[in-house]
Amino acid sequence: MERTAVNPVPWSVEMGFNQGEVVSGHTRTLYISGQTAMNADGKPQHEEDMAGQLTLSIDNLEAVLSEGGMSLANLVRLNVYTTDVDLLFQHYGVLAARLGAAGVSPTTTMLGVTRLAIPGQMVELEGTAVA
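What this report covers is the structure whose coordinates are included nearby.

### Some remarks on the overall build of the protein chain
Looking only at helices and strands, the protein chain has three helices and six strands in total. Element order for the protein chain, N to C, with α for helix and β for strand: β-α-β-β-α-β-α-β-β. At 14 Å, the protein chain has a C-alpha radius of gyration in line with the 14 Å of a compact globule built from 131 residues. Over its C-alpha atoms, taken along the principal directions, the protein chain stretches across nearly 40 × 35 × 25 Å. Out of the 131 residues in the protein chain, the part that is buried amounts to 37%. Put simply, of all contacts in the protein chain between residues at least 6 apart along the chain, 73% involve residues at least 24 apart.

### A few points about the sheet that holds strand E5 (residues 107–112)
Across the sheet, which stays open at both edges, the four strands sit in the order E3-E6-E4-E5 with mixed pairing between neighbours. Looking along the sheet, the strands with just one partner apiece sit at the ends: strand E3 (29–35) and E5. The sheet shows a mean angle of 10° between the axes of neighbouring strands, direction not considered. Pairing between E3 and strand E6 (residues 123–130): five bridges, direction antiparallel. Across the sheet, the residue bridging to Thr29 is Val130, located in E6. Packing against the sheet, helix H3 (residues 85–101) makes contact with strand E4 (75–82), E5 and E6, and its axis sits at approximately 155° to E4.

### As for the pattern of salt bridges
Evaluated as defined, the whole model comprises two salt bridges. A salt bridge links Asp59 to Arg98, with the shortest nitrogen-to-oxygen separation between them at 2.7 Å. On the criterion of sequence distance, the pair formed by Asp59 in helix H2 (residues 50–67) and Arg98 in helix H3 is long-range, its members being 39 residues apart. Notably, a salt bridge pairs Arg98 with Glu62, separated by 2.4 Å at the nearest N-O pair. Remark: Glu62 occurs in helix H2 and Arg98 occurs in helix H3; sequence separation between them is 36 residues. With relative accessibility at 29%, the residue Glu62 sits in the partly exposed group. What emerges from the salt-bridge pattern is a single network uniting Asp59, Glu62 and Arg98.

### Quick look at H3
Look at H3: 23 Å from first C-alpha to last across 17 residues, which is about the 24 Å you get at 1.5 Å a residue. A maximum bend of about 55° is found in H3 at His91. Among the residues of H3, Leu88, Tyr92, Leu95 and Leu99 are the ones counted as buried. The elements touched by buried residues of H3 are H2, E4, E5 and E6. Directly after H3, the chain includes Gly103, whose backbone phi takes a positive value near 70°.

Cut-offs applied
Residues numbered from 1 in each chain as written. Predicted model: local features only at pLDDT ≥ 70, side-chain atom pairs only at ≥ 80, totals over all residues. Heavy atoms only, no water. Helix = DSSP H or I, 4+ residues; strand = E, 2+ residues; numbered from the N terminus. Rg over C-alpha atoms; globule rule 2.2 N^0.38 Å. Buried < 20%, exposed > 50% of the residue type's maximum accessible area, 1.4 Å probe, protein only. Contact = heavy atoms within 4.5 Å. Pairing = 2+ DSSP bridges. Axes fitted to C-alpha atoms, helices over the stretch in contact; angles between N-to-C directions. Salt bridge = Lys/Arg side-chain N within 4 Å of Asp/Glu carboxyl O. Expected span 1.5 Å × (residues − 1). Bend = angle between axes of the 7 residues up to and from the residue.

What follows is the structure in structure tokens.
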């Protein structure tokens, strides 16, 4: 798989994401449903703890990637939904560090929403990966 960043402006790269990516030569695409801070039994975790929820959401995203034979390095698209954008930005370094360690800057959209499907959840990560 070959990835080519498309950045007509430089500011997004400084924030850790590309404006676009051209992906060629891939053979498989994994579309990942929104991952939240749920344990393996489907029970919400870390109520009112954005850092804890974000960390577990990333762990769950990585678990889906791993089960699909991929890793964060294969992530080309990441959608971030949160009930509190300002609070999420205070903890965004957790996500940025994990993506940075994987050497990836996926295209990213962050949206503030009124609520998520599971009451008490404050962040949800949805992605697309290619291999």
